[in-house]
Amino acid sequence: MAATQYLGHHPLQLNLSKPKIVCKKSKNDAAFVEEKSGFVDYDAGQHHVSTQIPGLRKADLQRRYRLRVEGDRFQNDWSLSEVVEKIIALNPKYDDIDGILNHWVGRFARKNFPPLIKEITQRGLLEHSILVFDWMKNQKNYCARNDMYNMLIRLHTRHNRTDQARGLFFEMQEWRCKPDAETYNALINAHGRVGQWRWALNIMEDMLREAIPPSRSTYNNLINACGSSGNWREALKICKKMTENGVGPDLVTHNILLSAYKTGRQYSKALAYFELMKGTNIRPDTTTFNIVIYCLVKLGQYEKAIDIFNSMRDKKAECRPDIVTFTTIIHLYTLSGQIENCTSLFNVMLAEGLKPNIVSYNALIGAYASHGMSKEAQSVFNAIKENGFHPDVVSYTSLLNSYGRSKQPQKARDVLNELKRNKLKPNVVTYNALIDAYGSNGLLAEAVKVLREMELNGIHPNTVSICTLLAACGRCSQKVNIDAVLTAAKMRGIKLNTIAYNSAIGSYMNVGEYEKAEALYKFMRKKKVTPDSVTYTILISGCCKMSKYVEALEFFADMMDLKITLTKEVYSSVICAYSKQGQITEAESVFKGMKMAGCFPDVITYTTMLHAYNAAEYWEKTCGLLLEMEDYHIQPDTIAFSALMRAFNKSGKPSQVLILADFMKEKEIPFSDAIFFEMVSACSLLQDWKTMVNLVKLMEPSFSVVSIGLLNQLLHFFGRSGKIESMMKLFYKITTSGAEINFSTYSILLMNLLAVGNWRKYIEVLEWMKDAGIQPSSGMYADILNYAQKSAGTEFAAKIQEKVESLGRKSENQVATIKV
C-alpha cells in the first residue's frame, strides 16, 4: 500500500501497466487457392500444366513465430507447392525429409498441414506421405483431423496395404479423432480391393453401431468388395438392402453389379441385368458397354458385340469407345481369326486420338502370336519400346508364343533369355509357351528340360504344363514318354482335370495305344472326373480311325447316358460306325436326331452319310441327300462329290456325273483321283469319246501325281474303244511325266495291241518292259506265239518266232549275269 501511495505522489507519473502485445494472425483468403500455370512449346509439340498453392507464408504467421525465424538464414519462406516439389525430389530411403520440413517457415502454420499431406497423397507417393505424416505428429502445433487420416487410408488402399490402413483407423481413435462416413468408406474399399469382403461387411456393421448412416458410396464400396471377389450373390443381396434402406442405386452401382457378374463368370446374367437396366432412367456409360461387350465376347456372340461397338462409334452416341473398348474388340477379332481386322482396328484407334497402353499392345501381339505371325509380333513389340513403354511379362510371353507357333523354337528361347536379362521374372504361362514351342516342333527332350528348369526357378508346373507335354508326346509318337509325363504329374501332386485327361487320351489314340487310352478313360471315371464332349469326340473318332466300330458305339452309349451334348464330329463318327457295321437304319436315326437337336449337319456329316448310303447301295437316297444339301445351301466338297458320282454311276446315271464335274469346274473345286476315276467310268459307260479326250487334257498336268491305277483305266478305255494310236500317245505322255509304270500298265497295252493284231508294236512293248527292268510273264510270250501260229500267216509267223526267241535268249543272259 505504501509503495502505491509513494508512487502515486511521485512528481513523475509513470504508467507501469503491461502493454498488450497483439499476436493476431493476418487473414489470407487466397493462401490455399489453386492457381494454374503452364507453358507450351510449339516447336517441340510439348505442353505442361501445373497447379500452384502458395499456402500460409511468413507474413501470415503469428508475430512470435515471425520473430523466431526473422534472423535465421536457414529458415526458408517457401510456398506450399515448392515444399511439395522438394519432398518429391528426395529419395525417402536415403535422403533427409526432416531437413527440408524443419527449414520451412510454413511449418508454424497448422493450416498448412492438411493441404501438404493432400498434395503428397494425390501424387500417390506412399513412402513420402508416411514420412511427412510422422513429422507432422511430432510438431507442437499438430492437431489430428479426419480428413488427413482419410487421405492416408485411401492412399494405403491404392497400394493394397490393408493392414496399414486398418492401423491408421485405430490410431486416429487414439488421437480422439472420431471416424466419419468417409473413413469407413475408405476402409471398406481397402478390404474390398484385396478380396476380404467379409471384413468389409463387418466394418459396415461397426459403422451402423456407431450410428453413422451409410451413404450410396458406402454401399457401392461394399458391393464392389463382394463383386471383385466373384461373390455376385452377396453383392446382389447388398444392392437389395440398399434399395430397402431408401438409398437408390446409381450408374456406379449398376456398373459394379455388372462387373460382379463378369468376375463371377455369370455372363448371361450380366446381359439379363443390362436388359433390366435399360428400363430405368439411368443411361449406361462407356464402362457399362465395355462390360457388356466383354460378356458377349465370352459367350461367343460376336455380332452383337460388334453392333454395340459400332453404335458407340456413331457420332450421335453419348458414349464414345475408349482404349478398353478397342482392346476388347481386338481380342474378339483374335478369337474369330480375323487378324487383318485386328491391325485395322488398332490403326483406327490411333487415328481417333486414343493412346494405346501396354494392354492394347499386348492384345495385338497376342493376335499375331495366335497365327504364328512372328515378324508382325516383333514389330509391335519394338513399337512398345519406341513409344516409351516397358514390355511386361505378358508382352514377352506373347512374343515367345509367336516364335513357337512359327516353328522357331530357338528364337522363343532367346526371348525368354532377354526377359530374364531385363530383370523380369517369367511365370508359369511363359514356361508353358516355351514347352509348347519345343513340343509342337517335335523337340520333346528340350520341352522336358524346360519343365525341369521352371521347377529349379521355383515355379511349379500346372495342369497346362502337363497337357502341353502330353500333346507333344502324341505328336512325336512317343509311347513311353506319355507314361513318364503322367508319372511326373502324379509325383508332383498335380491333379489332372478333364482337359489334361483329354490330352493324355488323345496322345494315346494318336500313337495307336487304344488299350492304354481306354484304361485312362476308366481311371478318369473312377476318380470322378467328368468327361466332356471333347473326351468322347477323341475316343469315338479315334476308334473309327482304328476300325474299332463296336468300341466307338460303346463310348457313344456312355455319352448318351451322361447326357453330354454331341458334337458334329461325334455325330459323323457314330454315323460312320453304324454304316460300317451295316446298321444303316441306326445311322439314319442318328442323322435325323442330329437335325432335331439343332446341331445342323455340315458338309462332313453329309459326306459321311453319303458314304453310308453308298456302302448299302441306296443310290436313290444318296441322290436325295444332294437335293437336301442344295436346299440348305451346303456346297459339297471333293470327297462328297466323289461319293455322289459313285452313286450316279452305280445307279445307271453316268450323265449326272459329268454334270457334277462341270459344276465343280465352275465353283473351282479341286479334282481328286476318285473324281477322275468316276468321270472315266462315266465316259466309259456313255462311250463319250470327246469328253474322254478333254478329260485327258485336263488330267495331263497332274499325271505325275495321279495314281497309276487311274492311268491304267484310261489306257484300257482307249484300247477297248479301238483307239490304239490314242492309247499309245497317252502312254508316251505318262512315261514323259515321270509316273511310275507297273506291270499292269504293260499288260493293258499288250492285250489291246494283240486284239488289233499289231504284233510289231507288241514285241516292241515287250522290249520296253525288259529295258524298264520288268520281266514279261510266260503268258505274254505264249499269247504272241499263239497269235503267230493262228493269225499271222506263214510269212510273219517265222519272224515273230525269231524275235520272241531272241527276247527269250536276251532275258536268260540277263538272268545269268545277275546270278554271277
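Quick notes on the rules
- Residues numbered from 1 in each chain as written.
- Predicted model: local features only at pLDDT ≥ 70, side-chain atom pairs only at ≥ 80, totals over all residues.
- Heavy atoms only, no water.
- Helix = DSSP H or I, 4+ residues; strand = E, 2+ residues; numbered from the N terminus.
- Rg over C-alpha atoms; globule rule 2.2 N^0.38 Å.
- Buried < 20%, exposed > 50% of the residue type's maximum accessible area, 1.4 Å probe, protein only.
- Areas by Shrake-Rupley, 256 points an atom, 1.4 Å probe, with all protein chains shown as cover.
- Lys, Arg positive; Asp, Glu negative; His and termini not counted.
- Charge placed at Lys NZ, Arg CZ, Asp CG, Glu CD.
- Contact = heavy atoms within 4.5 Å.
- Salt bridge = Lys/Arg side-chain N within 4 Å of Asp/Glu carboxyl O.

Student: Which residues make up the overall build of the protein, and what values go with them?
Tutor: A tally of helices and strands in the protein yields 44 helices and two strands. Taken against the 2.2 N^0.38 rule, which gives 28 Å for 820 residues, the C-alpha radius of gyration of the protein at 44 Å runs more than 25% over that of a compact globule. With respect to the principal axes defined by its C-alpha atoms, the protein has extents near 190 × 60 × 60 Å. Relative to its 820 residues, the protein shows a buried fraction of 45%. Accessible area for the protein stands at about 44,200 Å²; split by element, carbon and sulfur atoms hold 52% of it. Charged side chains in the protein number 100 positive and 83 negative. The centres of these two groups are separated by 6 Å.

Student: Residue-level account of the environment of Pro531, with values.
Tutor: Checked against the element boundaries, Pro531 lands in the loop between helix H28 (514–526) and helix H29 (533–545). Residues Pro531 and Ile499 lie 32 residues apart in sequence; the distance between their C-alpha atoms is 9.0 Å. Setting aside anything within four residues of it in sequence, one finds Pro531 in contact with Thr498, Tyr521, Met524, Arg525, Tyr536, Leu562 and Ile564.

Student: Can you tell me about the pattern of salt bridges, naming the residues and giving the values?
Tutor: The full count for this structure, using the stated rule, is 19 salt bridges. Among the ionic pairs, Asp147 bridges to Arg145, the shortest N-O distance being 2.6 Å. Close ionic contact of Lys595 with Glu628 constitutes a salt bridge, the shortest N to O distance being 2.9 Å. Taken together, the positions of Lys595 in helix H32 (residues 584–596) and Glu628 in helix H34 (residues 619–631) put the pair 33 residues apart, joining distant regions of the chain. Given a relative accessible area of 28%, Lys595 falls into the partly exposed group. Residues participating in the shared-partner salt-bridge network are Asp134, Lys137 and Glu171.

Student: Describe the side chain of Asn220, listing the residues and the values that go with them.
Tutor: Relative to the assigned elements, Asn220 resides in helix H11 (residues 216–227). In this structure Asn220 touches Met242, Asp250, Val252, Thr253 and Ile256, once residues within four positions along its chain are discounted.

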